Amino acid sequence: MDRYIFPRWSNKVLPFVFFFVLGPAATAAVGGLWYYGTNKHIEVGFEPVQPVEYSHKLHAGELGMDCRYCHYTAERSYFAAVPPTETCMNCHWKVRTDSLLLLPVRESYATDKPIPWVRIHNLPDFAYFNHSAHLAAGVACQSCHGRIDAMVRVHQDQPLSMGWCLECHRDPAPHIRDPGNVTKMLDTWPDLSKSGQKPVAANGRELHPPTWCSGCHR
Amino acid sequence: MKRQPYPKFEAQDGKRWWQSLRELEGSPELQAELLREFPDGAAEPPDGVSRRTFFRLAGATFAMAGIAACRRPDERILPYTKSPEEVVPGNPLYFATAIPWNGTAVGVLVESHEGRPTKIEGNPRHPESQGATNTFVQAEVLNLWDPDRSDAPAEKGTTREWDAATAALVALGRRARQTSGQGLAILTEAHRSPTTARMLAKVKEAMPNAQIYRYDPWARDHARVGAQLAFGKRLETVYDVSKARTVVALDADFLTHDAAGAVRHARGLAAGRSRLAPSEMVRLYAVESTFSVTGAMADHRVRLPARQVPAFTYALARALGVAGAPDAPLPDAAARAVAAIAKDLLQNKGKGVVIAGDKQPPAVHAFAQLINLALGNVGETVSYVQCFDDAVDGPRGIAALGKAMDAGQVLTLLILGGNPVYDAPADSGFADALSRVEAIVHLSQHRDETSNAAHWHIPRAHVLESWSDVRAQDGTVSVVQPLIAPLYMGRTDAELLSIFLGAPEKGYDLVRATLKQDGAADFEKAWRRALHDGLWAHSEYPRVDVSENRGQLAAAANDALPQGTGVELTFTPDPHAWDGRFANNAWMQELPDAMAKLTWGNVAMISPATAKRLGVVDRTESRYFVSDMIDLGENVIIPVLIAPGQADDSIALTFGQGRRGGRVGDAVGVSVARLRTTNAFFIGAAPKIVKVPGAKDRLARTQEHFQMEHRAPVREGTMADYAKDPTSARKPPEVEHRLPLISLWELGEPQWEYKGRKWALAIDLNTCTGCNACVIACVAENNILQVGAEGVRMSREMQWIRVDRYYEGPPENPRSVTQPMTCQQCENAPCEQVCPVAATNHSPEGLNDMAYNRCIGTKYCLNNCPFKVRRFNYFNYMKGEPNNAETRKAQFNPDVTIRYRGVMEKCTYCVQRINAAKIAAHRSGTEEIKDGTIMTSCQQACPPQAITFGDLNDPKSKVARLKADARSYVLLEEINVRPRTTYLARIHNPNPEMA
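## A few points about the overall build of chain B
Link 1 in the chain: For chain B, the count of helices and strands is 31 helices and 41 strands.
Link 2 in the chain: Scaling as 2.2 N^0.38, a compact globule of 995 residues should have a C-alpha radius of gyration of about 30 Å, and chain B matches this with 28 Å.
Link 3 in the chain: Dimensions of chain B, computed from C-alpha atoms along their principal axes, come out at roughly 90 × 75 × 65 Å.
Link 4 in the chain: Sequence-distant contacts, at least 24 apart, represent 75% of the contacts inside chain B between residues at least 6 apart.

Pasting the structure below:
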């Protein structure tokens, strides 16, 4: 069999191959990795559209409702419950009964079908965060969730990554408040203890937040 | 992956502990296997695809999975629309109910997460539970979520609507009423529900000619008939072992399945074994054919074929002056034992108890009770209460039904639960006569063998879905309350009967109507109290006074003596499948049973001598445990297992395996029901015993897995030595030539000080019966997955706690000690030093933490673990049916991660419970956690309370006290890993006259 020699014109094809095949492929690979590969779960600013256009700014900010009116299990359970439709209807059976924005709420109440809220603060399943433990220690809602009272639609305010958790677990003092202040949205608050010192909860209990694996993973 | 074994020291006390016959013989193959880190082929995928192909095929999936995981998953939060009372999302609720079990009921508290029952705990207020449970009660929660449960009624195998089924039932009921019940037969299980009994009475009232039968493959009639023979009335015998000093078990494994109330018996025996004084401590004699849990706890075990136990009992009766016992020959050793036991019983009048096993004929029970009466034990350690009813559970009922059916006298047959087509005795003719019945309705949780033979199959509500009631053996009534609405609209027995009567009622109303008959002054208050406490106050039966009143005893005693010779067969419920109802329960199937350490199947257990005579062997062939098969006649071909301690010429069989249907339990093991007949229901003779040439079966046995390589992990001593020197039992046999202790860390570096809490576990080998309740409790609590029979053969089983069983002595008749083995939470943990990714670390409270999401699966930690307690996920066991079925997933404990393929896992002392207790304390503004608040799952389930968890830094804690006990020791002290788990040496109390 004769030796095969590439024809001379094939030299001209090579740049085209680079330009039209390898170039786009590389761009697609980089772009794809960029798009799909970034850690969206620690991305600050995630702000999904919710099934009800509920405004935290109106309720928590302007009306001054306490977080725990709706998120009623935050002090008792690991989970700060999203309120049952009943809770909305406590007021809204009288207030703004003809608002179109509230249609899904009324619908849910009438049909007994839950409102499918989109989860914003989503920890991985192997991390066991407990709301009640943090509130008992005097960590404010604001520390993790940001100024909810200023958000019309809630977005993720903090990275919620393990490194971020540990920063506070290693030096919790700046985030510890008086229990009366934990659900308040404040710019400043009285320091219970100085940063770097032994943190103490309001009732005098010394705080030792876990920095070992089984504190959060089990 | 070879390694040098750690130098081992030969024991100097002459004791040699062994786990398998191969080990006792010093098999060179076993030695070679021990040099391997992992059993040969442990990393092979199950279906024969080689590892490399597997990765090539899976490669693409891995890549895509990696990318997809980075995207934010779209997760929805679905709140309640109207919040149910008491529910705080995230916090479990507990409800008190009761689970009917083997002639009694175990009161339980069931944990429910947002309406999903996930875990069963004992109810401390209930006399049969006292806070503990057994394996089967624990596993009941998996039965609820079994994805193979029947989800709809069926007519001749075709799925039908509930309306059609109800209409058919009502029509059948109407027809039966027209003939006053002529031609109607109802077959029930051995139930103890007053409501079901009331409904059956109602049926009988409306249709006086109806016949009601009862059948249970593990019938407990003999004890009742025995009382009739001795005292002239049918009675239930209730034992209180806790007060006894001398316990004689006559073929009675009262710590697992005999004499009802195993959990209570284990607690009682533990009390006796904890009285560590020569004049106080209990002494247990077991006379039995098969090495049982009770035999392993016994101070003296007399190995005797089951059919010679009557002769033994008569000899004992005669020695104790109980007249009328026929004379029958006994082997010399047994005769000597009779004399010693009789003397011991006489010395402990009023503090002894003789327990007869349910397999033994009524005459044995009668003489056991007459001995108890003569010795003044009645009223002290034994009491009698009325029977639940007069029905007969055993084979005679179903034989009578079979005869009536065959004669064409039965037009309509209602079968409430049970699976008689599968388990009826061979000579009852039940299955064959079914074709002569016009209409058969079968109420059951699965579409099983009987459902397939029935015209109508109706789904039965699981006990955790039912409103019902149940009486414990002593009469205590518990309300059975549902944790969840019936998943498949199943009905209870009583509800079905109400439909049949044409007046459908809800179980709730039926139970309340029954309990209203009790005449409580304020019913609603009593009802609420019963739902809260788990029992109806003061409902136990009054104790019945007995006096000798022999009826047919003399004749019965002669009948009980063995007629023929040859090899006997004994039948007991399977430790995995029970009578078949747990056959589709993967937790139970994969549980290595107490003595044989067998999973996924059943065997014929034979003694080494009988095996030799039959020319059968069991051996290990290229990593598999391979057994010869024997043909016992009636098409029963079953693998043999050479069992140390088995009586010669006695073959132990378990019934309940070999079921059909269900993705887990289909064709696991061999059904031996065909060998059981009305007259040879528990003890019989084989039609033939022939080795099947060339036939072999690979058994999934764990006894040689995770070996401790005879480093004397169990320690024990005698009561006499303990009285002289309490530390004698814990002293290691090789204490003289111990190596100097070296630290893994640089010399001079101070040991870490545990300033806060210091969690520790103490396990008392003295009271541990090896019953395995801890294993199933751990599986349920910690979301441990099952690997299947092939996985177990390759040593991939994942239970975090295993119960090691050690033998000592000659293989024909050894002694045995069991040792629960779980992560020892070493302070100098060798596993932590070798993890390349720091996935396993030490917590300041002394826990050996495991961060699953960090683990990359190098398995270095397992290589370096001296106790072999780490478990590796070779595959994603959640993949594929039935594990990924939605109903199966609903059982998982939300507080524990479900581990993925390629991840190492192990015991964490139930860190989720520790954290929950700490957070609860913090919520109430304190650091204080009272001793006993935190219980590990194994501890909570343990019937004899052999496991104690607590804080060593609290000097008043029970665990600190136990650690300071004279019997306390740690494993492998010489390698200085400083385990947090300590063991308390076993003290046994041999009779000096039998030494």
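## A word on the overall build of chain A
Link 1 in the chain: Within chain A, the secondary structure is distributed over 9 helices and 1 strand.
Link 2 in the chain: For chain A, the α and β elements follow one another from N to C terminus as α-α-α-α-α-β-α-α-α-α.
Link 3 in the chain: Taking 17 Å as the expected radius of gyration for a compact globule of 218 residues, we find that chain A reaches 26 Å, considerably beyond that expectation.
Link 4 in the chain: Taken along the three principal axes of its C-alpha coordinates, chain A extends 90 × 55 × 35 Å.
Link 5 in the chain: Every one of the 218 residues in chain A was classed for burial, and the buried ones make up 24%.
Link 6 in the chain: Put simply, 66% of the contacts in chain A that link residues at least 6 apart link residues at least 24 apart.

## Description of the environment of Cys-855 of chain B
All names here are of chain B.
Link 1 in the chain: In this structure, Cys-855 sits in the loop between strand E35 (848-850) and helix H27 (860-863).
Link 2 in the chain: Remark: the alpha-carbon pair of Cys-855 and Ser-279, spanning 576 residues in sequence, is separated by 54 Å.
Link 3 in the chain: Beyond its immediate stretch of four places on either side in the chain, Cys-855 contacts Ala-839, Val-903 and Met-904.

## Things to note about the interface of chain A and chain B
Link 1 in the chain: Between chain A and chain B, the residue contacts involve 43 residues of the former and 37 residues of the latter.
Link 2 in the chain: Where the side of chain A that touches chain B is concerned, the elements lending two or more residues are helix H1 (10-37), helix H4 (85-92), helix H5 (103-111), strand E1 (117-118), helix H6 (131-137) and helix H9 (213-216) of chain A.
Link 3 in the chain: Here the residues of the side of chain A that touches chain B are counted per class, giving 20 nonpolar, 14 polar and 9 charged.
Link 4 in the chain: Judged from the 2 bridges that link them, E1 of chain A and strand E2 (residues 76-77) of chain B form a sheet pairing that is antiparallel. Residue pairing for E2 of chain B: Trp-117 of chain A is matched across the bridge by Ile-77 of chain B.

## Comments concerning the nonpolar core
Link 1 in the chain: With 274 residues, the main nonpolar core has Ile-186, Ala-249, Leu-250, Ile-355, Phe-367, Val-441 and Ala-604 of chain B as its most contacted residues.
Link 2 in the chain: Element by element, the count of residues in this core is highest for helix H24 (residues 773-781) of chain B, at 8 residues.
Link 3 in the chain: Leaving out residues up to four positions away in the same chain, Phe-367 of chain B has contacts with Thr-313, Tyr-314, Ala-317, Val-322 and Ala-325 of chain B.
Link 4 in the chain: In this structure, Tyr-72, Ala-74, Tyr-78 and Ala-201 of chain A belong to the second largest nonpolar core, which totals 21 residues.

## Here we look at the confidence of the model for chain B
All names here are of chain B.
Link 1 in the chain: Of the residues in chain B, 92% reach a pLDDT of 70 or more, and the chain-wide mean stands at 89.
Link 2 in the chain: Per-residue pLDDT stays below 50 along residues 48-69; that stretch engages in 7 contacts with residues further than four places along the chain or on separate chains.
Link 3 in the chain: At the level of chain-chain contacts, confidence expressed as ipTM amounts to 0.86, with global pTM at 0.91.

## Brief notes about H24 of chain B
Link 1 in the chain: The buried fraction of H24 of chain B is high, at 9 of 9 residues.
Link 2 in the chain: Immediately downstream of H24 of chain B, the backbone of Asn-783 of chain B shows phi near 55 degrees, a positive value.

## A closer look at the sheet that holds strand E4 (residues 104-113) of chain B
Residues and elements named next belong to chain B.
Link 1 in the chain: The 3 strands are arranged E3-E4-E5 in an open sheet whose pairing can be described as antiparallel. Each edge of the sheet is formed by a strand with only one pairing partner; in this case those strands are strand E3 (93-101) and strand E5 (116-122). The average angle at which neighbouring strand axes cross in this sheet is 35 degrees, direction not considered.
Link 2 in the chain: In terms of strand pairing, E4 meets E5 through 6 bridges, oriented antiparallel.

## Focus: the pairing of strand E33 (residues 815-821) of chain B
Residue and element names in this part refer to chain B.
Link 1 in the chain: A large share of E33 lies buried, amounting to 7 of its 7 residues.
Link 2 in the chain: Residues of E33 alternate between two faces, with Arg-815, Val-817, Gln-819 and Met-821 on one and Ser-816, Thr-818 and Pro-820 on the opposite face, all of them buried.
Link 3 in the chain: As paired strands, strand E32 (residues 802-808) and E33 are joined by 7 bridges and run antiparallel to one another. Counted as the bridge partner of Arg-802 is Met-821 from E33.
Link 4 in the chain: The turn joining E32 and E33, which pair antiparallel and follow one another in sequence, is formed by 6 residues; a positive phi near 110 degrees is taken by Gly-809.

## Details of the sheet that holds E32 of chain B
Link 1 in the chain: Pairing in this open sheet of 3 strands is antiparallel, and the strands run E1-E32-E33 (chain B) from one edge to the other. Across the chains shown, the open sheet's two edge strands, defined by having one partner strand only, are strand E1 (17-18) and E33 of chain B.

## A closer look at the pairing of strand E21 (residues 568-573) of chain B
Residues and elements named next belong to chain B.
Link 1 in the chain: Among the 6 residues of E21, 6 are classified as buried, and the element is accordingly described as predominantly covered.
Link 2 in the chain: Here E21 runs beside strand E27 (residues 650-655); their pairing, made up of 6 bridges, is parallel. Bridging across to E27, Thr-570 finds its partner in Ala-652.
Link 3 in the chain: One ladder, built from 3 bridges, connects E21 with strand E28 (residues 683-685); its direction is antiparallel.

## Side note on helix H12 (residues 362-374) of chain B
Residue and element names in this part refer to chain B.
Link 1 in the chain: Here H12 contains 13 residues, and its C-alpha end-to-end distance of 18 Å stays within 8% of the 18 Å for a straight helix at 1.5 Å per residue.
Link 2 in the chain: For H12, the tally of buried residues reaches 11 of 13 residues, placing the bulk of the element in the interior.
Link 3 in the chain: By the burial criterion, the buried members of H12 are Pro-362, Ala-363, Val-364, His-365, Ala-366, Phe-367, Ala-368, Gln-369, Leu-370, Ile-371 and Asn-372.
Link 4 in the chain: Directly after H12, the chain includes Gly-376, whose backbone phi takes a positive value near 75 degrees.

## Some remarks on the environment of Ala-339 of chain B
Link 1 in the chain: Along the chain, Ala-339 of chain B falls in helix H11 (residues 332-347).
Link 2 in the chain: On a C-alpha basis, the gap between Ala-339 of chain B and Pro-866 of chain B in space is 46 Å, while along the polypeptide they are 527 residues apart.

## Some thoughts on unusual backbone geometry
All names here are of chain B.
Link 1 in the chain: Not every positive phi belongs to a glycine, and Asp-649 is a case in point at roughly 55 degrees.
Link 2 in the chain: Looking at the element boundaries, Asp-649 is found in the loop between strand E26 (637-642) and E27.
Link 3 in the chain: On the basis of neighbour count, Asp-649 is assigned to the partly exposed category, with 18 C-beta atoms found within 10 Å.
Link 4 in the chain: Even without being glycine, Leu-972 reaches a positive phi, approximately 45 degrees.

## With respect to the packing of H4 of chain A against H5 of chain A
Residues and elements named next belong to chain A.
Link 1 in the chain: Where H4 meets H5, the axes come as close as 10 Å, and the angle between the chain directions of the two elements is 115 degrees. In terms of crossing hand, the pair formed by H4 and H5 is left-handed. From H4, Thr-85, Cys-88, Met-89 and His-92 reach across to H5, where they touch Val-105, Ser-108 and Tyr-109.
Link 2 in the chain: Its residues assigned to classes, the contact of H4 with H5 shows 4 nonpolar, 3 polar and no charged.

## Observations regarding the confidence of the model for chain A
Link 1 in the chain: Considering every residue of chain A, the mean pLDDT works out to 88; 94% of them sit at 70 or more.
Link 2 in the chain: The element-level mean pLDDT for chain A is lowest in H1 of chain A, coming to 87, with H5 of chain A highest at 94.

Definitions and limits used
Residues numbered from 1 in each chain as written. Chains lettered and ligands numbered in written order. Predicted model: local features only at pLDDT ≥ 70, side-chain atom pairs only at ≥ 80, totals over all residues. Helix = DSSP H or I, 4+ residues; strand = E, 2+ residues; numbered from the N terminus. Rg over C-alpha atoms; globule rule 2.2 N^0.38 Å. Contact = placed C-beta atoms within 7 Å. Buried ≥ 20, exposed ≤ 12 C-beta atoms within 10 Å, placed from the backbone. Nonpolar A, V, L, I, M, F, W, Y, C, P; charged D, E, K, R; others polar. Pairing = 2+ DSSP bridges. Core = buried A, V, L, I, M, F, W, Y, C linked by C-beta atoms within 7 Å. pLDDT = per-residue confidence, 0-100. Axes fitted to C-alpha atoms, helices over the stretch in contact; angles between N-to-C directions. Expected span 1.5 Å × (residues − 1). Left-handed = near helix turned anticlockwise from the far one by under 90°.

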